[in-house]
Amino acid sequence: MKKYMCICLSVVILLFASCGNKKDKSDMNDIFFNEYVMDDIKTLESNLTKEYDLNELISFFKGSNANESIGFGSTRSVLTFSEVNDRYPVEILRTGGYSVYRVSQGGYFYVFWIKPFATGTSQSNSEPSVYFSAYLFSGISPYLFDSLTPGISTAEDVQRIDPSFELSFLNSNGIFSYSYINEETILQVEYEYQENIDGYDDLIVKEKMIVARDSAPTRYSALLLSDLP
């Protein structure tokens, strides 16, 4: 529990990412500067001029989830906006704090951004980094999660069902994960945990429930309807 309390204190210095609700868009305007041009008018059909292999995207972004690095106490470095943009030029950047890539196998790959940790007395010159990334081809059936057993199943089991789930340590009420079901709903899973949290298998499923996407405390709630697969 001490470790989790330290996690909660650490994330206070993050200027963004407690959730992806629309009310956070003003925060994103503070995070991104002139070189990061946000636009909610561009369409994916007309403005995504390139497409990328899914396996390459997954390999590049693997292990770069800033939130999970905090929660698991990892010292892994995160990917910055410029590092991502150099490899995969950002053609669309939304005010909800995410970018979209077209996948050659179908569907879209989403990168959600977060302000990095403070590095001194000022953050004014720091750039966004990857909060988490996700691939969506379509919605996922909620019935697939019926195999989860509270008190036995772990976050590792949830990830097997949905590799693109958002595992969030930033909720003051506990640890949760969120899986995109469809444009209206999200599957929320709450976890039990002990003092030491080193990986997915240390998070035990406590409860699961369907919640409304537009009000769920997940970055998936920031996705525009027009950007959904």
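Please read all numbers here as calculations on a predicted model, not as lab measurements.

## A few points about the nonpolar core
Consideration 1: Ranked by size, the top nonpolar core spans 24 residues in total, and within it Y98, V100, Y110, F112, I186, Y220 and L223 carry the most contacts.
Consideration 2: Counting residues per element, the ones that place at least two in this core are β3 (98–103), β4 (108–114), β5 (129–136) and β7 (174–180).
Consideration 3: The contact partners of Y98, leaving out residues within four places of it in the chain, are I92, L93, Y110, V111, F112, W113, A222, L223, L224 and D227.
Consideration 4: F72, F145, F169 and V205 belong to the second-largest nonpolar core, a separate cluster that totals 19 residues.

## Focus: the pairing of β7
Consideration 1: In terms of burial, β7 is a largely internal element, seven of the seven residues being buried.
Consideration 2: Alternating residues of β7 divide into G174, F176, Y178 and Y180 and I175, S177 and S179, and every residue in both groups is buried.
Consideration 3: In this sheet, strand β8 (residues 185–193) lies alongside β7 in antiparallel orientation, the contact comprising six bridges. Pairing of I175 across the sheet is with Y191, part of β8.
Consideration 4: Hairpin connection between β7 and β8: a loop of four residues separates the two successive antiparallel strands.

## Observations regarding the environment of F60
Consideration 1: Mapped onto the secondary structure, F60 falls in helix α4 (residues 54–61).
Consideration 2: Expressed as a C-alpha distance, the spacing of F60 and V84, which sit 24 residues apart in the sequence, is 8.9 Å.
Consideration 3: Every residue in contact with F60, bar those within four places of it in the chain, is listed here: L79, E83, V84, R87 and Y88.

## Details of the packing of aromatic side chains
Consideration 1: Tallied over the full model, the rule gives 18 aromatic pairs.
Consideration 2: On the numbers, 5.2 Å between centres and 75° between planes, the contact of F60 with Y88 is edge-to-face. Of the two residues, F60 sits in helix α4 while Y88 sits in the loop between α6 (81–87) and β2 (93–94), which places them 28 residues apart along the sequence. No difference in accessibility class separates F60 from Y88, as the two residues are buried.
Consideration 3: Aromatic rings pair up to connect Y98, Y108, Y110, F112, Y131, F132, Y180 and Y220 into one cluster.

## Concerning the environment of F137
Consideration 1: Within the element layout of this structure, F137 appears in the loop between β5 and α7 (155–161).
Consideration 2: With 30 residues separating them in the primary sequence, F137 and G107 have C-alpha atoms 4.0 Å apart.
Consideration 3: In contact with F137, not counting residues within four places along its chain, are Q105, G106, G107 and P229.

## With respect to the layout of surface pockets
Consideration 1: Reported here for the largest pocket is a volume of approximately 560 Å³.
Consideration 2: Taken together, 29 residues make up the lining of the largest pocket; nearest its centre are S133, Q159, P163, S164 and F165.
Consideration 3: Elements represented by at least two residues in the lining of the largest pocket include exactly α4, β5 and α7.
Consideration 4: Counting residues per element, the lining of the largest pocket draws most heavily on β5, which supplies five residues.

## Points about α4
Consideration 1: L54, L57, F60 and F61 are the residues of α4 that are buried. The buried residues of α4 all sit within an arc of 130° when viewed along its axis, so they share a single face. Those residues of α4 that are exposed and aimed more than 90 degrees away from the buried face are N55 and S59.
Consideration 2: Buried residues along α4 sit against β1 (51–52), α6, β3, β4 and β5.
Consideration 3: Where α4 starts, the residue carrying a side-chain oxygen 3.0 Å from the main-chain nitrogen of N55 turns out to be D53.
Consideration 4: Downstream of α4 by a residue or two, G63 has a phi angle that is positive, lying close to 80°.

Reading the values: the criteria
- Residues numbered from 1 in each chain as written.
- Predicted model: local features only at pLDDT ≥ 70, side-chain atom pairs only at ≥ 80, totals over all residues.
- Heavy atoms only, no water.
- Core = buried A, V, L, I, M, F, W, Y, C linked by side-chain atoms within 4.5 Å.
- Buried < 20%, exposed > 50% of the residue type's maximum accessible area, 1.4 Å probe, protein only.
- Helix = DSSP H or I, 4+ residues; strand = E, 2+ residues; numbered from the N terminus.
- Contact = heavy atoms within 4.5 Å.
- Pairing = 2+ DSSP bridges.
- Phe/Tyr/Trp six-rings, centres within 6.5 Å; stacked < 30°, edge-to-face > 60°.
- 1 Å grid on protein atoms, 1.4 Å probe; cavity = no way out; pocket = protein on both sides within 12 Å on 5 of 7 lines; lining within 4 Å.
- Points joined across faces, edges and corners; volume = space filled by probe spheres on them.
- Arc of directions from axis to C-beta.
- Polar contact = N/O pair within 3.5 Å; in protein donor to acceptor, adjacent residues only side chain to side chain.

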